[in-house]
Amino acid sequence: MKTVRKIIKIDEELCDGCGQCTPDCAEGSLKIVDGKAKLVADKLCDGLGACIGSCPTGALKIIEREADEFDEEAVEEYLAEEKKKTGVKVTTNLDCGCASTHIQSLKPPPPTTTDSPCKTANAPTQLPKPQQGDSALTHWPVQIRLIPAHAPFLQNAHLLVAADCTAIAAKRFQEKYLEGKTVMMGCPKFDDADSYVQRFAEIINTCNLKSLTVLIMEVPCCSAMNVIIQKAIERAGKTVPVEQVTISTRGEELARKRW
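Residues numbered from 1 in each chain as written. Predicted model: local features only at pLDDT ≥ 70, side-chain atom pairs only at ≥ 80, totals over all residues. Heavy atoms only, no water.

Attention shifts here to the nonpolar core. If you look at the biggest cluster of nonpolar residues, it comprises 48 residues, and the most contacted ones within it are Leu 154, Phe 200, Leu 209 and Leu 212. When neighbours within four sequence positions are excluded, Leu 209 is seen to be in contact with Leu 154, Ala 157, Leu 159, Ile 203, Ile 204 and Val 240. Membership of the second largest hydrophobic core comes to 15 residues, among which are Cys 15, Ala 37, Cys 55 and Ala 59. (Core = buried A, V, L, I, M, F, W, Y, C linked by side-chain atoms within 4.5 Å. Buried < 20%, exposed > 50% of the residue type's maximum accessible area, 1.4 Å probe, protein only. Contact = heavy atoms within 4.5 Å.)

Below you can see the structure in the form of structure tokens.
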């Protein structure tokens, strides 16, 4: 049943697809689609505007218009369905109130080139290389379990799937493996492998990945990450260039191979 009520409105011209609004929507009614925030369905929006404060561009506002009435039962059904798809509970924050799920695209460090505008005008667009002291990390969060498949920084990404221990073992992890890539990290031994498969399958199916690098340790349990990615590719039914990199417990690179 339709009624005139308060509901969110999204100005697509102002929306830059940063995704910072989605974790603040307890009903999960906002998604990033084709680089823009979208309202999934009128009946999923309560019109309270909890998402407005996190929008850095002012693209969100509450208006009054004719819309389907807010339906709490529909919200519960939708969140349950999303949980089935992703293997994780759809929620705005962890139970501890931690902001780890607050999606952020971090600005790269400014370029330090001395080239003239004429010289660089026709040059191909490249991410500036981090300088000493700069981080190559371009987004937050980084844990596989916390990154939704619709995170804007996954679109057209060169994705690095790194086992947790690799960042400690590899002395030059950032400049050698992370630079120019979007990273997702996790432990194939202790985390839920099935939810990983579902998450990566959805990412491969919807995000148009340019490449996928799997960075693992030489220890046997790490090889499960390869199996997870292989199953995800099969489930997605799409191909993506994959390179596997294996390092030792001392951080030495032992092997590289492409699938």
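With that out of the way, let us pick up the packing of aromatic side chains. Overall, the coordinates contain two aromatic pairs when judged by the stated rule. Both rings, one in Tyr 196 and one in Phe 200, keep their centres 6.3 Å apart while their planes meet at 80°; by these two values the pair is edge-to-face. Of this pair, Tyr 196 and Phe 200 both sit in helix α5 (residues 193-206), four residues apart, which is roughly one turn of that helix. The pair formed by Tyr 196 and Phe 200 is uniform in burial state, with each residue classed as buried. (Phe/Tyr/Trp six-rings, centres within 6.5 Å; stacked < 30°, edge-to-face > 60°. Helix = DSSP H or I, 4+ residues; strand = E, 2+ residues; numbered from the N terminus.)

This part is about α5. Given 3.6 residues per helical turn, the α-helix brings residues three or four places apart onto the same face. Under the 1.5 Å per step criterion, the end-to-end length of α5 is 20 Å for 14 residues, consistent within 8% with the ideal 20 Å. Listing the buried residues of α5 in full gives Ser 195, Tyr 196, Val 197, Arg 199, Phe 200, Ala 201, Ile 203 and Ile 204. If you check the start of α5, you find a side-chain oxygen 3.1 Å away from the backbone N of Asp 194, and it comes from Asp 192. (Expected span 1.5 Å × (residues − 1). Polar contact = N/O pair within 3.5 Å; in protein donor to acceptor, adjacent residues only side chain to side chain.)

Burial within strand β9 (residues 211-217) is extensive, with seven of its seven residues counted as buried. The alternating pattern of β9 places Ser 211, Thr 213, Leu 215 and Met 217 and Leu 212, Val 214 and Ile 216 on opposite faces, both of which are buried. Alignment of strand β7 (residues 158-163) against β9, held across five bridges, turns out to be parallel. Its bridge partner being in β9, Ala 162 is matched across the sheet by Leu 215. Bridging between β9 and strand β10 (residues 242-247) involves six bridges; their strand directions are parallel. The residue of β10 that forms the bridge with Ile 216 is Thr 246. A crossover connection joins β9 to the parallel β10 through helix α6 (residues 224-236); in handedness this β-α-β unit is right-handed. (Pairing = 2+ DSSP bridges. Right-handed = clockwise from strand over helix to strand, strands pointing away.)

This model, assessed by the stated rule, comprises nine salt bridges. For Arg 256, the salt bridge goes to Glu 243, with nearest N and O atoms at 3.1 Å. Of this pair, Arg 256 sits in strand β11 (residues 253-258) while Glu 243 sits in strand β10, placing them 13 residues apart in sequence. Arg 258 is the salt-bridge partner of Glu 243, the closest N and O atoms lying 3.9 Å from each other. Of this pair, Glu 243 sits in strand β10 while Arg 258 sits in strand β11, placing them 15 residues apart in sequence. Judged by relative accessible area, which is 64%, Arg 258 ranks as exposed. Where salt bridges share partners, they join Lys 176, Glu 243, Glu 253, Arg 256 and Arg 258 into one cluster. (Salt bridge = Lys/Arg side-chain N within 4 Å of Asp/Glu carboxyl O.)

Another point: the pairing of β7. Of all the six residues making up β7, five are buried; the element is thus mostly covered by neighbouring parts of the structure. Bridge analysis of β7 against strand β8 (residues 182-186) gives five bridges, and the strand direction is parallel. Across the sheet, residue Ala 163 finds its bridge partner in β8, namely Gly 186.

The next point concerns the state of the cysteines. Using the criterion set out here, one finds zero disulfides in the structure. No disulfide involves Cys 15; its sulfur sits 6.5 Å from the nearest other cysteine sulfur, which is in Cys 21. A relative accessible area of 8% places Cys 15 in the buried class. Free cysteine: Cys 45, not disulfide-bonded; nearest cysteine sulfur from Cys 25 at 6.7 Å. Given the relative accessible area of 6%, Cys 45 is considered buried. (Disulfide = S-S within 2.5 Å.)

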